[in-house]
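Structural characterization, general
Each chain, letter by letter, is given below.
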Amino acid sequence: MKKETTGALILLLIAVFLSGCGLTPPTRDEALQELAPQLAQGQAAAVESTAVVKAAAIEATAIINAAAVEATAIANAGQTEIDAAAPEVPTPAPEAPVPDAAAGEALFRQQTIGANPGCNTCHSLEPDKVIVGPSLAGIAPNAAGDAESAGISVEEMLTEMIVDPNAEVVQGFQPDIMPQDWGAELSATQLSDIIAYLMTLQ
Ligand code: HEC
């Protein structure tokens, strides 16, 4: 026999022997099959660790939330305490218009007010001087006397004299000469301004 043939024969024999012993190298599929349990275990471990991380995150969030709630509660309690300790600030009363006598005088001197002639068209401020209506010199003390017997304030008396002149016509004068609609022609502010001005006519 040739040398090469002998070598090949020996190799063949070795191969046959090895395959007989089941020592052939495993195929890829066989290897995967063999590794399957380990793979499954690894996957299970991965799933488990993800779950642990998630649970930890949830717990951490819960702790942070609880701390935030507590901090808010503490801050609120502190604010309440501060509020309680702070001195009462009086709530300002809704602004009532402050009667303005100067504005009232300017209005009194207007030629016309709305559709009506102005007050000083008919009323002089010189004592006893009659234009169309009586002089309004000293109207404040005059009205004060009437107010006292009527049991109302001087301002209320003057309001009545202006918005309802026919209620008590001044002696020696005719009714319906003084416009009867001042309540409609004058705003509440204008009326209180005019009254503030009449209160200065002592
Ligand atoms: C067209 C003329 C006329 C005008 C304008 C007029 N009045 Fe008269 N007023 C009279 C006459 C007339 C009387 C008296 C008769 C009466 O009591 O109604 C009178 C009476 C009064 C009285 C009562 C006086 C008293 O002694 O008791 C007051 C107050 C008064 N007027 C204020 C005003 C004011 C304020 C205005 C303007 C907003 C005004 N009047 C505009 C004609 C007028």
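Please refer to the structure placed before this passage.
Residues numbered from 1 in each chain as written. Predicted model: local features only at pLDDT ≥ 70, side-chain atom pairs only at ≥ 80, totals over all residues.

Another point: the nonpolar core. By size, the foremost hydrophobic cluster in this structure holds 14 residues, and its most contacted members are Ala 143, Met 157, Leu 158, Ile 194, Ile 195 and Leu 198. Contributions of two or more residues to this core are made by helix H5 (139–150), helix H6 (154–163) and helix H8 (188–198). Here this core takes 5 residues from H8, the largest share from any one element. If sequence neighbours within four positions are ignored, Ala 143 has contacts with Val 154, Met 157, Leu 158 and Met 161. (Core = buried A, V, L, I, M, F, W, Y, C linked by C-beta atoms within 7 Å. Buried ≥ 20, exposed ≤ 12 C-beta atoms within 10 Å, placed from the backbone. Helix = DSSP H or I, 4+ residues; strand = E, 2+ residues; numbered from the N terminus. Contact = placed C-beta atoms within 7 Å.)

A separate point is the environment of Glu 156. One can find Glu 156 in helix H6. Given 14 C-beta atoms within 10 Å, Glu 156 falls into the partly exposed group. Residues Glu 156 and Ile 195, spaced 39 residues apart in sequence, show a C-alpha to C-alpha distance of 9.2 Å.

So, about H5. Residues three or four positions apart in an α-helix share a direction because the helix packs 3.6 residues into each turn. Between its first and last C-alpha atoms H5 spans 16 Å; for 12 residues at 1.5 Å apiece the expected length is 16 Å, and the two agree. Gly 151 sits one or two residues past H5 and shows a positive phi near 70°. (Expected span 1.5 Å × (residues − 1).)

The N-to-C vectors of H5 and H6 enclose an angle of 100°; their axes lie 8 Å apart at closest approach. Judged by the angle between their axes, H5 and H6 are roughly perpendicular. From H5, Ala 140, Ala 143, Ala 144, Asp 146, Ala 147 and Ala 150 reach across to H6, where they touch Val 154, Glu 156, Met 157, Leu 158 and Met 161. (Axes fitted to C-alpha atoms, helices over the stretch in contact; angles between N-to-C directions. Parallel < 35°, antiparallel > 145°, perpendicular 65-115°, else oblique.)

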